[in-house]
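Topology and contacts: notes
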Amino acid sequence: MSLRHALLGLLSDRRASGYDLLKTFETSLANVWPATQSQIYTELTKLAGSGLITVAAEGPRGRKEYEITDAGMAELRHWLTEVPPQRVIRSDILLRVFFLGVLSPEQARAYLTELTAMSQAGHDQLRQLADSIDWDEGNLSVYGRIALEYGLRFNAMRREWAEWATEQIKQPRGRSGW
């Protein structure tokens, strides 16, 4: 996924300013695809330059409201239906787990305990977000809830796995140096 497609997706629901899009990223997309203000505004300029969005209105202090064009909608649909999703192939968390054997069992368990807490905190944060949103029947609400549920289930699974993994680490017999 790219920021380009995230912005096109948001603009497919309704027109919005760069500030509005930034707030949407902060409240709903940050767990899926985080983006900074400068990244968003840079990409909006590129999208407008390539004819995928247009400035629908200009307000005070140079505020621009963008809307998706037919070409932008075609690009979004093409990406959704014809471009296969990229499989995540890097995980800093699991790479560290793979090498926990170089630590003492206590240190390895501490890492996994921290991962348990991180996963619970992520779950709690998403639960608060879910409870704070006034969900409606619009596309972004329906599919946003589905994406949020993935995050809730993923954090729950990772927490359960980290708890299980912690139990798998036993004190080694006859090893010195710990």
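Anyway, here's the lowdown on the structure attached to this text. (Residues numbered from 1 in each chain as written. Predicted model: local features only at pLDDT ≥ 70, side-chain atom pairs only at ≥ 80, totals over all residues. Heavy atoms only, no water.)

1. Quick look at the overall build of the protein
What the protein contains, in helices and strands, is seven helices and three strands. Reading the secondary structure of the protein in the N-to-C direction produces α-β-α-α-β-β-α-α-α-α. On C-alpha atoms alone, the protein measures out to a radius of gyration of 21 Å, which is more than a quarter above the 16 Å that the 2.2 N^0.38 rule sets for 178 residues. Per-residue burial over the protein gives 30% buried out of 178 residues. Taking all contacts inside the protein whose residues are at least 6 apart in sequence as the whole, residues at least 24 apart take part in 60%. Entry remark: accessible area of the protein is about 12,200 Å², with carbon and sulfur atoms responsible for 54%. Treating the 21 positive side-chain charges of the protein as one cloud and the 22 negative ones as another, the clouds have centres 7 Å apart. (Helix = DSSP H or I, 4+ residues; strand = E, 2+ residues; numbered from the N terminus. Rg over C-alpha atoms; globule rule 2.2 N^0.38 Å. Buried < 20%, exposed > 50% of the residue type's maximum accessible area, 1.4 Å probe, protein only. Contact = heavy atoms within 4.5 Å. Areas by Shrake-Rupley, 256 points an atom, 1.4 Å probe, with all protein chains shown as cover. Lys, Arg positive; Asp, Glu negative; His and termini not counted. Charge placed at Lys NZ, Arg CZ, Asp CG, Glu CD.)

2. Some details on the side chain of N155
One can find N155 in helix 7 (residues 139-168). Among the polar contacts made by the side chain of N155, one reaches the main-chain carbonyl oxygen of G151 at a distance of 2.9 Å. Among the polar contacts made by the side chain of N155, one reaches the side chain of R158 at a distance of 3.1 Å. (Polar contact = N/O pair within 3.5 Å; in protein donor to acceptor, adjacent residues only side chain to side chain.)

3. A look at a nonpolar patch on the surface
Among the surface-exposed residues, L95, F98 and F99 lie close enough to one another that they form a single nonpolar patch of about 370 Å² accessible area. Here F99 shows up in the loop between helix 5 (92-98) and helix 6 (105-132). (Patch = residues over 30% accessible without salt bridge, like charges linked within 9 Å, V, L, I, M, F, W, Y side chains within 5 Å. Salt bridge = Lys/Arg side-chain N within 4 Å of Asp/Glu carboxyl O.)

4. Quick word on the packing of helix 1 (residues 3-13) against helix 4 (residues 70-82)
Close contact between helix 1 and helix 4 brings their axes to 10 Å; oriented N to C, the two are set at 120°. With respect to helix 4, the element helix 1 is oriented oblique. Of the two possible hands of crossing, helix 1 and helix 4 adopt the one that is left-handed. Two secondary-structure elements touch here, helix 1 through H5, L8, G9 and S12 and helix 4 through G72, M73, E75, L76 and W79. A per-class count over the contact of helix 1 with helix 4 returns four nonpolar, four polar and one charged. (Axes fitted to C-alpha atoms, helices over the stretch in contact; angles between N-to-C directions. Parallel < 35°, antiparallel > 145°, perpendicular 65-115°, else oblique. Left-handed = near helix turned anticlockwise from the far one by under 90°. Nonpolar A, V, L, I, M, F, W, Y, C, P; charged D, E, K, R; others polar.)

5. Details of the sheet that holds strand 3 (residues 64-68)
Reading across from one edge, 1-3-2 is the order of the three strands in this open sheet, with antiparallel pairing throughout. Each of the sheet's edge strands pairs with one partner strand only, and the pair in question is strand 1 (16-17) and strand 2 (53-58). Pairing of strand 1 with strand 3 involves two bridges; the strand directions are antiparallel. Bridge pairing in strand 3 places A16 opposite Y66. (Pairing = 2+ DSSP bridges.)

6. Section: the pairing of strand 3
Relative to strand 3, strand 2 is paired through five bridges, and the arrangement is antiparallel. The partner of A57 across the bridge, within strand 3, is E65. Counting the residues in the hairpin turn of strand 2 and strand 3 gives five residues, including R61, whose phi is positive at 60°.

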